[in-house]
Amino acid sequence: MSDSQPWTAAPSAAEHARSVLAASWSCAVTAEGGREEFVGAHTVAEDGRVTLDVPEDSTLVAAAICAPRGEPSAVLEFADVAPVPVRSRIRARLWIAGWFVPVDGRLEFTTTRVVLRRPSGAVVVDLDEFAAAAPDPLATAEARLLTHLADCHPDAVERLTRLVDADSLHGAVRVQPLAVDRHGLTLRIERARAHGDVRLPFHAPADDVAQLTERMQVLLNQASAASCPRALQRQRTDRDG
């Protein structure tokens, strides 16, 4: 695919859900015994099945033993939190309903329903699509990539705003990288009392960090050839003054 052919695809709901699951380090579980928070306790199989390693005295163990087999009795919740400090850092929430089965001291979860809530709204993810989907190849590296971009290359972030429509930048006080996946980079544009997001699609999908570096360079080259948005020019002038 040449640079002149735009790549406008975005992750499907199933892919996004699997990416949230792959990158999440913590998990909240609501069951009949109450609600518990676990950090670093879950693992994910290739088909998206979740297994929890919990203490023996966890109320979840008793709830799993006593719950009727085959009936949804627990909900797992995963939060997709932006690694760069921005307003409204929760980018998405993933809920997985089902039941636990104790196996060799661990709790294996059988899924009956998957719901992904994004800023655009909530969507029920097809279970077969969820099982078949793969996480975004950049999901587990995203936090490191975005914090590096924000902390070490603020000039590059500012340059990328040249690719944003001027109306979207009206009243902007700060722009930060919000998300990145194989299909594109999302910028968070913050105003005095509101914020909005703008997506910059890559010309082709990036399947690893090396390809991402090339895709970002293409965007930066395009930005260098564009004029600086007047809104940011005025902001820069005000700061200098």
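None of the values given here were measured: they were computed from a predicted structure.

Colleague: Give me the lowdown on the overall build of the protein, citing residues and values where you can.
Modeller: Along its length, the protein carries seven helices and 11 strands. Sorting the 241 residues of the protein into buried and exposed places 42% on the buried side. Partitioning the intrachain contacts of the protein with sequence separation of at least 6 by distance along the chain shows that 54% fall at a separation of at least 24. Carbon and sulfur atoms make up 51% of the accessible area of the protein, which amounts to about 12,800 Å² in all.

Colleague: Outline the pairing of strand S8 (residues 121–125), listing residues and values.
Modeller: Moving residue by residue along a regular strand, the side chains alternate between the two faces of the sheet. Of the pairings in the sheet, the one linking strand S7 (residues 106–118) to S8 comprises five bridges and is antiparallel in character. Looking across to S8, one finds that Arg117 is bridged to Ala122.

Colleague: Account for the pattern of salt bridges, naming residues and giving values.
Modeller: Summed over all chains, the structure comprises 11 salt bridges. Residues Asp47 and Arg49 are paired through a salt bridge, measuring 2.9 Å at the closest nitrogen-oxygen approach. A salt bridge links Arg174 to Glu190, with the shortest nitrogen-to-oxygen separation between them at 3.0 Å. Of the two residues, Arg174 is situated in strand S9 (residues 172–181) and Glu190 in strand S10 (residues 184–191); the sequence distance between them amounts to 16 residues. The exposure class of Arg174 is partly exposed, given its relative accessible area of 35%.

Colleague: Outline the pairing of S10, listing residues and values.
Modeller: Judged by how many residues are buried, S10 sits mostly within the fold: seven of eight residues are covered. Hairpin connection, S9 to S10: the antiparallel pair is bridged by two residues. The pairing of S10 with strand S11 (residues 195–201) spans seven bridges and is classified as antiparallel. From the neighbouring strand, Arg188 faces S11, where its bridge partner is Asp197. Here S10 hands over to S11 after three residues, the two strands then running antiparallel side by side.

Colleague: Quick one: what's the story with the side chain of His42, residue by residue and with numbers?
Modeller: Topologically, His42 is positioned in strand S3 (residues 42–44). A distance of 3.4 Å separates a polar atom in the side chain of His42 from the backbone oxygen of Ser24. In this structure His42 touches Leu21, Ser24, Trp25, Ser26, Cys27, Val50, Thr51, Leu52 and Phe78, once residues within four positions along its chain are discounted.

Colleague: A description of helix H6 (residues 209–224) should follow, citing residues and the corresponding values.
Modeller: Taking 1.5 Å of rise per residue, 16 residues should cover 22 Å, and H6 covers 22 Å from first to last C-alpha, within 8% of that figure. Taken as a whole, H6 has its buried residues at Leu212, Arg215, Met216, Val218, Leu219, Leu220 and Ala223. Summarising the contacts, the buried residues of H6 are in contact with helix H4 (142–152), helix H5 (154–160), S9, S10 and S11.

Colleague: Go over the confidence of the model for the protein with me, naming the residues and quoting the values.
Modeller: For the protein, the mean per-residue pLDDT works out to 88, and 90% of the residues sit at or above 70. Between residues 1–7, whose pLDDT stays under 50, and residues either more than four places distant or in other chains, the model counts 14 contacts. Scored below 50 in pLDDT, residues 233–241 shows eight contacts in the model against residues more than four places distant or in partner chains.

Colleague: An account of the sheet that holds S9 is requested, with residue identities and associated values reported.
Modeller: A sheet is described by the order of its strands in space; here three strands give the open sequence S9-S10-S11, paired in antiparallel fashion. Across the chains shown, the open sheet's two edge strands, defined by having one partner strand only, are S9 and S11. Taken over all neighbouring pairs, the strand axes of this sheet differ in orientation by 25 degrees on average, direction set aside.

Colleague: Can you explain the environment of Arg144? Please cite residues and give values.
Modeller: As for its placement among the helices and strands, Arg144 is situated in helix H4. For the pair Arg144 and Val84, spaced 60 residues apart in sequence, the C-alpha separation works out to 9.6 Å.

Conventions used here
- Residues numbered from 1 in each chain as written.
- Predicted model: local features only at pLDDT ≥ 70, side-chain atom pairs only at ≥ 80, totals over all residues.
- Heavy atoms only, no water.
- Helix = DSSP H or I, 4+ residues; strand = E, 2+ residues; numbered from the N terminus.
- Buried < 20%, exposed > 50% of the residue type's maximum accessible area, 1.4 Å probe, protein only.
- Contact = heavy atoms within 4.5 Å.
- Areas by Shrake-Rupley, 256 points an atom, 1.4 Å probe, with all protein chains shown as cover.
- Pairing = 2+ DSSP bridges.
- Salt bridge = Lys/Arg side-chain N within 4 Å of Asp/Glu carboxyl O.
- Polar contact = N/O pair within 3.5 Å; in protein donor to acceptor, adjacent residues only side chain to side chain.
- Expected span 1.5 Å × (residues − 1).
- pLDDT = per-residue confidence, 0-100.
- Axes fitted to C-alpha atoms, helices over the stretch in contact; angles between N-to-C directions.

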